[in-house]
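Remarks on the overall topology
Here is what each chain is made of, one letter per residue.
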Amino acid sequence: DCDKHLNDAKLRQIEKITMASSIRSTNEMLGESSSSFSSRDLKSLASFHHSKSSNSLMNQSSSQNDCFKIIVPNRRFCQEGELRKLCSGFHWRKRYVYIFSDCLMYSHGHGRSLRQKCSFLGAEVRCIGNTSSFEMSWIDDEDTKTTKWKADSKLERDQWVGVIREQISAAASMASASSSPSAS
């Protein structure tokens with residue numbers, strides 16, 4: 001029971017810092033562009049962005065508009081930390097990664113808004129040769145997507161891959177248990 005309370009508190013903390021960052025980013029964007037707008041235009045634009053942020057961040061569920069919901073039934077927090085992601089095929093960029101029991105989510109930095117959700121259902125993860133890199137493939141809207149990640153060491157890579165494999169395996173077990181008819 002104590003573990004559940006700690007897990008729920010951690011999920012609320014992650015939700016709070018990633019949502020606050022999204023709202024901050026919208027406000028910063030509005031502040032940067034203010035010189036080219038009249039005050040009436042700014043109020044209209046601020047209202048539009050606020051309603052868009054509120055709709056996509058605060059009313060999140062598992063639909064396309066709100067796939068970054070942090071607190072969902074039966075989700076457990078597993079791990080967080082910094083990795084580098086291969087972007088545009090040749091640049092390694094730092095990303096802050098959150099591992100949950102059902103998915104991986106990442107942002108451009110700790111406390112920043114979430115950028116991607118990678119579901120563990122049907123996902124695969126594999127180490128890349130004798131390096132500190134690994135690759136994760138998952139299904140997103142019937143398309144298979146792949147990302148490459150790099151840790152600071154092979155030991156750290158193995159730790160991340162181990163946690164992700166555990167969650168992929170658990171997701172597969174839960175999916176097969178829920179799809180099989182129950183014994184009467």
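Residues numbered from 1 in each chain as written. Predicted model: local features only at pLDDT ≥ 70, side-chain atom pairs only at ≥ 80, totals over all residues. Heavy atoms only, no water.

1. Some details on the pairing of strand 5 (residues 124-127)
Going by this rule: Between any two strands, pairing holds if DSSP finds at least two bridges. Helix and strand assignments follow DSSP, with helices taken as H or I runs no shorter than four residues and strands as E runs no shorter than two, numbered in order from the N terminus.
Inspection of the sheet shows strand 5 paired to strand 6 (residues 133-140) by four bridges, in the antiparallel sense. Each residue of the ladder has a partner; that of E124, found in strand 6, is S137. With antiparallel pairing between neighbouring strands as the criterion, strand 5 and strand 6 make up a hairpin whose turn holds five residues, including G129 at a positive phi of roughly 50°.

2. Here we look at helix 3 (residues 154-179)
Quick note on the threshold: For a helix, the expected span equals 1.5 Å multiplied by the residue count minus one. Categorising residues by exposure relies on relative accessible area from a 1.4 Å probe, with only protein chains included: less than 20% of the type maximum marks a residue as buried, more than 50% marks it as exposed, and the intermediate range marks it as partly exposed. Only heavy atoms matter for contacts: two residues are in contact if any of them lie within 4.5 Å across the pair.
Its 26 residues place the ends of helix 3 37 Å apart at the C-alpha level, agreeing with the 38 Å of an ideal helix rising 1.5 Å per residue. Among the residues making up helix 3, those that are buried are R157, W160, V161, V163, I164, Q167, I168 and A171. Residues of helix 3 that are buried make contact with strand 1 (77-87), strand 2 (91-100), strand 3 (103-107), strand 5 and strand 6.

3. Things to note about the pattern of salt bridges
What counts, and what does not: Take a side-chain nitrogen of Lys or Arg and a carboxyl oxygen of Asp or Glu: if they are within 4 Å of each other, that pair is a salt bridge.
Applying the stated rule across the entire model yields eight salt bridges. Notably, a salt bridge pairs E135 with R126, separated by 3.1 Å at the nearest N-O pair. Taking relative accessible area as the criterion, R126 reaches 43% and is therefore assigned partly exposed. One salt-bridge network, held together by shared partners, links R126, E135 and K148.

4. Some details on the packing of aromatic side chains
The condition that has to hold: Here is the rule: rings of Phe, Tyr and Trp (six-membered ring for Trp) pair when centre to centre is within 6.5 Å. Planes less than 30 degrees apart are stacked, more than 60 are edge-to-face, and the remainder are tilted. Note on criteria: charge over ring means Lys NZ or Arg CZ within 6 Å of the ring centre, with the direction from the centre no more than 35 degrees off the ring normal.
Summed over the entire model, instances satisfying the criterion amount to four aromatic pairs. A centroid spacing of 5.2 Å and a plane angle of 80° characterise the contact between Y106 and W149, whose relative ring orientation is edge-to-face. Taken together, the positions of Y106 in strand 3 and W149 in strand 7 (residues 143-150) put the pair 43 residues apart, joining distant regions of the chain. The class of Y106 is buried, set by a relative accessible area of 7%. The class for W149 is buried, based on a relative accessible area of 0%. Through a chain of ring-to-ring contacts, three or more aromatic side chains come together here, namely F77, Y96, Y98 and F100. We note K10 situated over the ring of F77; from NZ or CZ to the ring centre the distance is 5.1 Å. One Lys or Arg, R75, reaches over the ring of F100 and ends 5.2 Å from the middle of that ring.

5. Re the state of the cysteines
The cut-off we apply is this: Cysteine sulfur atoms that come within 2.5 Å of each other are treated as a disulfide pair.
Counted under the stated rule, the structure contains zero disulfides. Unpaired in terms of disulfides, C78 finds its nearest cysteine sulfur in C103, a separation of 9.4 Å. Residue C78 is classed as partly exposed on the basis of its relative accessible area of 25%. Here C118 stays free of any disulfide, with the sulfur of C103 as its closest cysteine sulfur at 8.1 Å.

6. Here's the deal with the nonpolar core
Stated formally: Nonpolar cores were defined as sets of buried Ala, Val, Leu, Ile, Met, Phe, Trp, Tyr and Cys residues, with membership established by side-chain atoms within 4.5 Å.
V97, I99, L104, F120, F134, M136 and I164 are the most contacted members of the largest nonpolar core, which has 20 residues in total. At the level of secondary structure, the elements contributing two or more residues to this core comprise strand 2, strand 3, strand 6 and helix 3. In terms of residue count, helix 3 provides more of this core than any other element does, six residues in total. Non-local contacts of F120, meaning those with residues more than four positions away in its chain, are made with I99, F100, S101, D102, C103, L104, M136, I164, Q167, I168 and A171.

7. What about the side chain of K85?
This is how it is decided: His residues and chain termini do not enter the charge count, which takes Lys and Arg as positive and Asp and Glu as negative.
Here K85 shows up in strand 1. Of the side chains with opposite charge, D140 lies nearest to the buried K85, which makes no salt bridge, at 12 Å. The contacts of K85, once residues within four sequence positions are left out, are H91, W92, R93, R95, Y106, T147, K148 and W149.

8. Details of unusual backbone geometry
Negative phi characterises most residues that are not glycine, and trans characterises most peptide bonds. Here S88, not a glycine, exhibits a phi torsion of approximately 55°, which is positive. Note on placement: S88 falls in the loop between strand 1 and strand 2. Its identity as a non-glycine residue notwithstanding, D141 has a phi of 50°, on the positive side. On the accessibility criterion, D141 (54% relative accessible area) is exposed.

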